[in-house]
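# Structural overview
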Amino acid sequence: MHAFKGCFRSTKTSKLPRGEDPIVLASETPFTVNEIEALHDLFKKLSSTIVDDDLIHKEEFQLALFSNSSKQNLFSNRVFDLFDAKHNGVIEFGEFVRSLSVFHPYASEEDKITFAFRLYDLRQTGYIERVELKEMVVAILSELDSTLTDDAVDSIVDKTMIEADLNGDGRIDPEEWKDFVTKNPSLLKNMTLPYLKELTLAFPSFVLHTEVPD
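What you see is a predicted model; the values in this text were computed from it and never measured. (Residues numbered from 1 in each chain as written. Predicted model: local features only at pLDDT ≥ 70, side-chain atom pairs only at ≥ 80, totals over all residues. Heavy atoms only, no water.)

What the protein chain contains, in helices and strands, is 9 helices and 6 strands. Here the protein chain holds 214 residues, and 47% of them are scored as buried. Long-range contacts, defined as pairs at least 24 residues apart, comprise 61% of the intrachain contacts of the protein chain with a sequence gap of at least 6. (Helix = DSSP H or I, 4+ residues; strand = E, 2+ residues; numbered from the N terminus. Buried < 20%, exposed > 50% of the residue type's maximum accessible area, 1.4 Å probe, protein only. Contact = heavy atoms within 4.5 Å.)

What follows is the structure, encoded as structure tokens:
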């Protein structure tokens, strides 16, 4: 997923939204106060592409990911839902920072594993069902403009289920997922954005990639 292709320079730090203290956000995330101020400049850019209201709407999120606000994709919709912690249909600045912090190089592996699990747990049951895994694999392939035959997709899903579903109940629980990812660390390599530890007010472009399970 090519995300947040923001490349801009700021000579003046914009004021953070009411109720959001950069010191508090810095204490809750791996970001420094200066990095949070730089993130706010990115947030302001993203949140004003369609409606300038200090909120990122789903169409603006889609626009950041695909340069097309009307392109719908299960994967990007799920990422939006995870960023939208209040489930009110928009992403506020605090949600943006806290969610993005999972991709920071200094974020814990446990946080990254948990976020990835929630990404695949489409129905929020606390388990990853086979059908959910297949839906996400298809969505990721679509987002990457890649296509595989249905048999090839089933092969990927079956292989993953055999390796991850240790108790054979037809679904992957959080502990099984953690064990599976620990044995397949490449699944987390795209959960880290190196640029997030080098934020300045001259904010660089950064790209978020994702991949299907090997």
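After presenting the structure, the write-up continues.
The positions UniProt marks with the feature "domain: EF-hand" (unreviewed entry) are residues 71-106, 108-143 and 152-187. Secondary structure across residues 108-143 divides into 72% helix and 6% strand, with the first and last C-alpha atoms of the span separated by 27 Å. Between the C-alpha atoms that bound residues 152-187 there is a distance of 19 Å. The span itself is 64% helix and 6% strand. (UniProt positions renumbered as here; feature names shortened; annotations may be inferred.)

Applying the stated criterion across every chain, the model contains 9 aromatic pairs. Between Phe43 and Phe93, the aromatic rings sit 5.3 Å apart at their centres with planes inclined by 70 degrees, giving edge-to-face as the arrangement. Residue Phe43 is found in helix H2 (residues 33-46), and its partner Phe93 is found in helix H5 (residues 93-100); the two are separated by 50 residues along the sequence. Neither Phe43 nor Phe93 differs from the other in exposure class; each is buried. Where Phe61 meets Phe83, the ring centres are 5.9 Å apart and the plane angle is 55 degrees; that geometry is what we call tilted. Taken together, the positions of Phe61 in helix H3 (residues 58-66) and Phe83 in helix H4 (residues 74-83) put the pair 22 residues apart, joining distant regions of the chain. Each member of the pair, Phe61 together with Phe83, is buried. Grouped by ring-pair contacts, the aromatic residues Phe43, Phe61, Phe80, Phe83, Phe93 and Phe96 constitute a single cluster. Its end group placed over the ring of Tyr127, Arg171 keeps NZ or CZ at 3.5 Å from the ring centre. (Phe/Tyr/Trp six-rings, centres within 6.5 Å; stacked < 30°, edge-to-face > 60°. Lys NZ or Arg CZ within 6 Å of the ring centre and 35° of its normal.)

Within this structure, the stated rule accounts for 12 salt bridges. The salt bridge partner of Lys44 is Asp54, with a shortest N-O separation of 3.0 Å. Of the two residues, Lys44 sits in helix H2 while Asp54 sits in the loop between H2 and strand E2 (56-57), which places them 10 residues apart along the sequence. Assessed through its relative accessible area of 30%, Asp54 is described here as partly exposed. Taking the shortest distance from any N to any O, the salt bridge between Arg130 and Asp158 comes out at 2.7 Å. Taken together, the positions of Arg130 in helix H7 (residues 130-143) and Asp158 in helix H8 (residues 150-164) put the pair 28 residues apart, joining distant regions of the chain. Through salt bridges that share partners, Arg130, Lys134, Asp150, Asp154 and Asp158 make up one connected network. (Salt bridge = Lys/Arg side-chain N within 4 Å of Asp/Glu carboxyl O.)

Turning our attention to helix H6 (residues 109-120). Taking 1.5 Å of rise per residue, 12 residues should cover 16 Å, and H6 covers 17 Å from first to last C-alpha, within 8% of that figure. Buried within H6 we find Lys112, Ile113, Phe115, Ala116, Phe117, Leu119 and Tyr120. (Expected span 1.5 Å × (residues − 1).)

Let us now look at the environment of Asp150. Tracing the chain through its elements places Asp150 in helix H8. Considering only alpha carbons, one finds Asp150 and Lys134, 16 residues apart in sequence, at a separation of 9.9 Å. Polar contacts involving the side chain of Asp150 include one to the side chain of Lys134, which spans 3.2 Å. (Polar contact = N/O pair within 3.5 Å; in protein donor to acceptor, adjacent residues only side chain to side chain.)

The next thing to look at is the packing of H7 against H8. Two numbers describe a pair of packed helices, the interaxial angle and the distance between the axes. Two elements in contact, H7 and H8, have axes separated by 10 Å at closest approach and are oriented at 130 degrees. By the angle between their directions, the pair H7 and H8 is classed as oblique. Once H7 is placed against H8, the crossing between them reads as right-handed. The segment H7 lies against H8, with Arg130, Leu133, Lys134, Val137, Val138 and Leu141 engaging Asp150, Val153, Asp154, Val157, Asp158, Thr160 and Met161. (Axes fitted to C-alpha atoms, helices over the stretch in contact; angles between N-to-C directions. Parallel < 35°, antiparallel > 145°, perpendicular 65-115°, else oblique. Left-handed = near helix turned anticlockwise from the far one by under 90°.)

This next bit is on H4. Within H4, 8 of the 10 residues are buried, which leaves the element mostly enclosed by the surrounding structure. Inspection of H4 places Phe75, Ser76, Asn77, Arg78, Val79, Phe80, Leu82 and Phe83 among the buried residues, and these make up the whole buried set.

The next point concerns the side chain of Asp84. Structurally, the position occupied by Asp84 is in the loop between H4 and strand E3 (90-91). Despite being buried, Asp84 has no salt bridge partner; Lys58 is the closest side chain of opposite charge, sitting 7.4 Å away. A distance of 2.9 Å separates the side chain of Asp84 from the backbone nitrogen of Gly89, its partner in a polar contact. Those residues in contact with Asp84 that lie beyond four places of it in its chain are Gly89, Val90, Ile91 and Glu95. (Lys, Arg positive; Asp, Glu negative; His and termini not counted.)

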